[in-house]
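Reading the structure
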Amino acid sequence: MLLVEDDDLMRRSFTVALERYGYEMKAAADGLTGLELFRDGSFDLLILDVMLPGLDGIGLCRRVRETSLVPVLMMSARGDGLDVVAGLEAGADDYVVKPVDTYVLVARIRSLLRRATYAAAPGPERAAGEGPPSEGSERDMLVLGDLTIDTAGMEVFLSGCPVALTPTELKLLLEFAAHPGVVLERHTLLRNVWEYGWDGDSRVVDLCVQRLRKKLGRERIETVRGFGYKLRR
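Residues numbered from 1 in each chain as written. Predicted model: local features only at pLDDT ≥ 70, side-chain atom pairs only at ≥ 80, totals over all residues. Heavy atoms only, no water.

**Considering the side chain of T15**
Relative to the helices and strands, T15 is located in helix α1 (residues 8-20). From its side chain, T15 meets the backbone oxygen of R11 in a polar contact 2.7 Å long. Contact partners of T15, with chain neighbours within four places excluded, come to L3, M25 and A27. (Helix = DSSP H or I, 4+ residues; strand = E, 2+ residues; numbered from the N terminus. Polar contact = N/O pair within 3.5 Å; in protein donor to acceptor, adjacent residues only side chain to side chain. Contact = heavy atoms within 4.5 Å.)

See the structure below:
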């Protein structure tokens, strides 16, 4: 796991605390060093502070998303600031507001790692560039117009072309696909996708829906004002 945090005391305390929970940690004090560590290593999850010298956390998240779908957890000192929205728009999966209790941080980490493990569930291999399995195959397929979801291989195809989704985006899409045409409230999505056991910030839902729309088409997921979202059949 990679932690990028410029505050020396906070970086050391988070590193020690997470190592006690059994996580193998690498840490950086600025965005450019964090980017170098990311490119040179292999990490299951990134924890990025928003305010970083050199390259801020939002810019770092964007650079990471150019090549990787690794789960990203943003840390912000201003929970109601534009930096939260900017971080989620840049591709972060979730965020926490500093100061944050260790048990809350660990809960968010565990949730992200479960999503990543779920999204990486193996299926029968196919040749590179091959489209979705045929209708006669034994794979579990969800077909919604030109959208095909291979629930065994955890892959998504739009008009036969593969679509790269982060683990959070994939789990959100699967939640919608399990209830096509049904309105899902934001708090239901927070509970089922983000695993919030309490009322969370619905911005994480709204921004993730926006990212799905960019990848799958704006008309795919309909906003039902005052209630939530639904996947069109």
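Having seen it, we continue.
**So, the sheet that holds strand β9 (residues 161-163)**
Here 4 strands make up an open sheet; going across it, the order is β6-β7-β8-β9 and the pairing antiparallel. Where the open sheet ends on each side, the last strands, each with one partner, are β6 (141-144) and β9. Here the average twist between neighbouring strands, direction ignored, is 25°. Note: strand β8 (residues 155-158) against β9, 3 bridges, orientation antiparallel. (Pairing = 2+ DSSP bridges. Axes fitted to C-alpha atoms, helices over the stretch in contact; angles between N-to-C directions.)

**Thoughts on the nonpolar core**
The tendency in soluble globular proteins is for nonpolar side chains to be buried as a group. Within the largest apolar cluster, 53 residues are counted, with the highest numbers of intra-cluster contacts made by L46, M74, V156, L172, F176 and W194. Broken down by element, the residue count for this core peaks at 7 residues, all from helix α8 (residues 203-216). When residues no more than four places from it in sequence are discounted, the contact partners of V156 are L147, T148, I149, C161, P162, V163, L165, L170, L173 and L216. In this structure, F14, Y23, I47 and V100 belong to the second largest nonpolar core, which totals 17 residues. (Core = buried A, V, L, I, M, F, W, Y, C linked by side-chain atoms within 4.5 Å. Buried < 20%, exposed > 50% of the residue type's maximum accessible area, 1.4 Å probe, protein only.)

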